[in-house]
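Structural characterization, general
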Amino acid sequence: MNKPLRKIYPYLFRYKGLIGLSVLFNVLSIAFSLVSVGLVIPVLQLIFGVNGPMSESITGTSLFDQIKREFYKQIEYRLANTSVSEALLYVVIWVIVAFFFKNLFHYLGLYVIAPVRNGISFQLRRELHAKLLQLPMAFYAQRQKGDIISRITVDLREIEAAMIVLLEMIFRDPLMIIGSLAVLLWMNYKLTLFVLLTLPVVSYVISRIGRSLKRQSTTAQSQLGSLMSHIDETITGLRILKAFNAEKIKQARFERINADFYKTSNRVMRRYDLASPVSEMLGAIIMAAVIWFGGRIVIASDQFGPANFIAYILFFYQMIPPSKAISRASYNLKKGAASAERVLEILESENPITSPPSAPKITEFKEAIHFKNVHFGYREEIILHDINLTIPYGQTVALVGLSGSGKTSLVNLIPRFYDVTSGQITLDGRDIREIDLKSLRSLMGIVTQEPILFNDTVRNNIALGKPEASHEEIEEAARIANAHDFIVKLEQGFDTVVGDMGSRLSGGQRQRIAIARAILKNPPILILDEATSALDTESERLVQEAITRLMQNRTSIIIAHRLSTIRHANKIVVMDKGKIAETGTHDELLSAGGIYARLIKLQEF
């Protein structure tokens, strides 16, 4: 069995009781299925004409033989006292009863397996989502968002299907085949041995067809992930695409990805669909051989009559659907194994940014944040070089520089979104890698350049970092961020759902809610990444005043291209090509006539 799927087995074992019930119901369904076919023998004997008492031909002493003997006696009683039609009606009623219980137990088997089927996806989906929340930012920098979504949706469905066919392949279909074979051996062992000699040929042909399906399925799932990423990118950037008349360019790229997925999907489906007709054709060939070989036995022997031979063929036919199901199941398992590899890649990914065992939890910040000989890079490319910087408690430190100079990368190291490649960052003299991660981040409030809101109410978005906050606290934070007035004018005020990424709000409104969220958390360390860049002039003035008041007696780190907003910072750090080029106050840097002075002149111009 495929190794990736073996790692999914523990999710099945959680439902041992339900699986046991399903096996029991399937065994009963198979038993009644065989009984319903076996009842055809007396029907055929009645139609062809009965030569002598049927019950006397049964000489065995087993429970099965005793039941069969008693059944035939009932038929003989009706033949002797009523008519052939009455005896035939008696047998037909039992056929209906047998079919009823066969289908009843089949449904009960499906009924109890439903929570298993959905439960596997439920457990995996929950663990995947939890893992996605734990993994570091670097994990997502290397992957497409659509591919990750594909793994948590499409791939989970493939795994779910594979687990169900696995259960059927282990418990239901083999039991049906074994039960039918047992009856066939009991009816005529010579003919059955002849049939068994053909099975290795069938297995060989089916295995040859499915050999490359797993590889093709992996390719198809990867292409589907790229397709979903492209669609997500199109929707997110639709405004830009329309503004630059780039719809045709984007559509052409989509057509290429879609065509590749179309071709690969066709190859996968053709191999998958080949299973049924090939197995059915092989079954028909074997059936023809059985009729030829068995017909000769009927002609040459009086012990294996026409009624038994027809019943034998019907029992043999009972094995064809489960045999086809097993051949299809092998393909489903290959597709499931390909999906399991993709899902396990996420579940088994290591998170290097964790808290060490017994890491101390901190509840306050008293002294300073120190960068000591810090180097940092994504993969092999070094972004920050030899950063030495002190951010004292209660001071405002501004980071400025051209785009790509490393401002955001430097700030991302403080809450450990990434870890340094070399060097050390300390908080109150303690390496931040040795501090409990959650307690470290609890000291920080962040407002990003692109405000991130969730498809939830305004209230819940503001209270994200402090879910226990009262309505009064939320309102006060909104007032400080100059957001209260527009919030109360929304349809449902603070209970208004903002839409995906805050799509129902303007850019300035989204930014002010993000600022209110940071204000409500009331952290000792405040990180503002272009925090007022999306506001109009009047809102920016009001919010800037509120932020200035908020930053008193706090450590604030501001990233800003609009240099007028950071003139009063205690320290301005000028970044250039991943290095600290200049450090000082606004007046000191202006007098120095360096990079900062040139940036000021460019903005004034």
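Residues numbered from 1 in each chain as written. Predicted model: local features only at pLDDT ≥ 70, side-chain atom pairs only at ≥ 80, totals over all residues. Heavy atoms only, no water.

Test applied: UniProt positions are given in the numbering used here, feature names are shortened, and annotations may be inferred rather than shown by experiment.
The protein chain goes by Antibiotic ABC transporter ATP-binding protein in an unreviewed UniProt entry, where it is assigned to Thermaurantimonas aggregans. As stated in UniProt under Subcellular location (unreviewed entry), the record for the protein chain gives "Cell membrane".

**Re the sheet that holds strand 2 (residues 381–392)**
Heads up, the rule is: For two strands to be treated as a pair, DSSP must find at least two bridges joining them. Only runs of H or I of at least four residues qualify as helices and only runs of E of at least two qualify as strands under DSSP, and these elements are numbered from the N terminus.
Taken in spatial order, the four strands make up an open sheet running 2-1-4-5, and their pairing is antiparallel. At either margin of the open sheet sits one strand with a lone partner, and together these are strand 2 and strand 5 (430–431). Note that strand 1 (residues 368–378) and strand 4 (residues 422–427) share five bridges and pair antiparallel. By the bridge assignment, Lys-372 is partnered in strand 4 with Gln-424.

**Section: the sheet that holds strand 8 (residues 555–559)**
The condition that has to hold: To define axes, lines are fitted to C-alpha atoms, for helices over the stretch in contact only, and angles between the resulting N-to-C directions are given on a 0 to 180 degree scale.
Reading across the sheet, the six strands line up as 6-7-8-3-9-10 and stay open at both edges, with mixed pairing between neighbours. The open sheet has two edge strands with one neighbour each: strand 6 (444–447) and strand 10 (579–584). Put simply, the sheet's adjacent strands are angled 15° from each other on average, direction ignored. Here five bridges tie strand 7 (residues 525–529) to strand 8, and the two strands are oriented parallel to one another. Paired with Leu-528 across the strands is Ile-558, a residue of strand 8.

**Some remarks on helix 20 (residues 507–521)**
Every α-helical turn comprises 3.6 residues, leaving residues that sit three or four positions apart pointing alike. Counted only if it meets this: One less than the number of residues in a helix, times 1.5 Å, gives the span that helix is expected to have. Working definition: with a 1.4 Å probe on protein chains only, accessible area under 20% of the residue-type maximum means buried, over 50% means exposed, and in between means partly exposed.
Here helix 20 spans 22 Å end to end across 15 residues, near enough to the 21 Å set by a 1.5 Å rise per residue. With 13 of its 15 residues buried, helix 20 lies for the most part within the structure. One or two positions beyond helix 20, positive phi appears at Asn-522, with a value near 55°.

**A short note on the packing of aromatic side chains**
To be explicit about the condition: Think of it this way: a Phe, Tyr or Trp ring, Trp meaning its six-membered ring, pairs with another when their centres are within 6.5 Å, and the plane angle makes it stacked under 30 degrees, edge-to-face over 60, tilted otherwise.
Scanning the model with the defined rule gives ten aromatic pairs in all. With a centroid separation of 6.2 Å and an interplanar angle of 20°, the aromatic rings of Phe-25 and Phe-105 are classed as stacked. Taken together, the positions of Phe-25 in helix 3 (residues 16–38) and Phe-105 in helix 6 (residues 84–134) put the pair 80 residues apart, joining distant regions of the chain. The class for Phe-25 is buried, based on a relative accessible area of 16%.

**Looking at empty space enclosed by the protein**
For clarity, the cut-off: Here a cavity is any set of points on a 1 Å grid over the protein atoms alone where a 1.4 Å probe fits but cannot get out, and a pocket is any open set with protein on both sides within 12 Å along at least 5 of 7 lines; a residue lines the site when it has an atom within 4 Å of a point. Grid points are joined across faces, edges and corners, and a volume is the space filled by probe spheres set on the points. When residue character is reported, Ala, Val, Leu, Ile, Met, Phe, Trp, Tyr, Cys and Pro are called nonpolar, Asp, Glu, Lys and Arg charged, and the others, Gly included, polar.
If you walk through the whole model with that rule in mind, you get two cavities of 30 Å³ or more. If you add up the space inside the second largest cavity, you get close to 50 Å³. Along its surface, the second largest cavity is lined by Leu-413, Arg-416, Tyr-418, Asp-419, Val-420, Gln-424, Ile-425, Asp-431, Ile-432 and Arg-433. Across the lining of the second largest cavity, the residue classes break down as five nonpolar, one polar and four charged.

**A few points about a nonpolar patch on the surface**
Rules: Surface patches are defined over residues having more than 30% relative accessible area and no salt bridge, joining like charges when they lie within 9 Å and nonpolar side chains (Val, Leu, Ile, Met, Phe, Trp, Tyr) when within 5 Å. The Shrake-Rupley method, run with a 1.4 Å probe sphere, supplies the accessible areas, and residue values consider only the shown protein chains as cover. When a carboxyl oxygen of Asp or Glu is within 4 Å of a side-chain nitrogen of Lys or Arg, the pair counts as a salt bridge.
Taken together, the side chains of Leu-89, Ile-93, Trp-94 and Val-97 make up a nonpolar region of the molecular surface, amounting to roughly 350 Å² of accessible area. Within the element layout of this structure, Ile-93 appears in helix 6. By relative accessible area, Ile-93 is classed as partly exposed at 45%.

**Some details on the environment of Leu-505**
Locating Leu-505 in the fold gives a position in the loop between helix 19 (484–488) and helix 20. The buried category is assigned to Leu-505, whose relative accessible area is 7%.

**Some words on helix 9 (residues 189–196)**
Threshold: Think of it as the arc spanned by the lines of direction from the helix axis to the C-beta atoms.
Within helix 9, burial applies to Leu-191, Thr-192 and Val-195. Taken around the axis of helix 9, the buried residues stretch over an arc of 100°, which confines them to a single face.

**Quick notes on the packing of helix 3 against helix 6**
For clarity, the threshold we go by: An angle below 35 degrees is treated as roughly parallel, one above 145 as roughly antiparallel, one from 65 to 115 as roughly perpendicular, and anything else as oblique. Two helices crossing with the near one rotated counterclockwise from the far one by less than a right angle form a left-handed crossing, whereas a clockwise rotation gives a right-handed crossing. Whether two residues are in contact is decided by their heavy atoms, any of which lying within 4.5 Å being enough.
Their axes nearest at 8 Å, the elements helix 3 and helix 6 cross at an angle of 160°. Considered as vectors, helix 3 and helix 6 are oriented roughly antiparallel to each other. Here helix 3 and helix 6 pass one another in a crossing that is left-handed. In this structure, helix 3 uses Leu-18, Ile-19, Leu-21, Ser-22, Phe-25, Leu-28, Ser-29, Phe-32, Ser-33, Val-35 and Ser-36 to contact helix 6, whose residues at the interface are Ala-98, Phe-99, Phe-101, Lys-102, Phe-105, His-106, Leu-108, Gly-109, Val-112, Ile-113, Pro-115 and Val-116. Grouping the constituent residues of the contact of helix 3 with helix 6 by class yields 16 nonpolar, six polar and one charged.

**Regarding the pattern of salt bridges**
Taken as a whole and judged by the stated rule, the model has ten salt bridges. For Arg-151, the salt bridge is made with Glu-345, and the minimal N-O distance between the two is 2.8 Å. With Arg-151 in helix 8 (residues 145–187) and Glu-345 in helix 14 (residues 306–347), this pair connects stretches of sequence that are 194 residues apart. A residue is classified by how much of its surface remains accessible, and Arg-151, at 8% relative accessible area, is buried.

**Points about the packing of helix 18 (residues 471–480) against helix 20**
Put simply, helix 18 and helix 20 touch, their axes get as near as 8 Å, and they point 125° apart. Between helix 18 and helix 20, the angle falls in the class oblique. Relative to helix 20, the crossing made by helix 18 is right-handed. On the side of helix 18, the interface is formed by Glu-473, Ile-474, Ala-477, Ala-478 and Ile-480, while helix 20 contributes Ala-516, Ile-519 and Leu-520. Residue composition of the contact of helix 18 with helix 20, by class: seven nonpolar, no polar and one charged.

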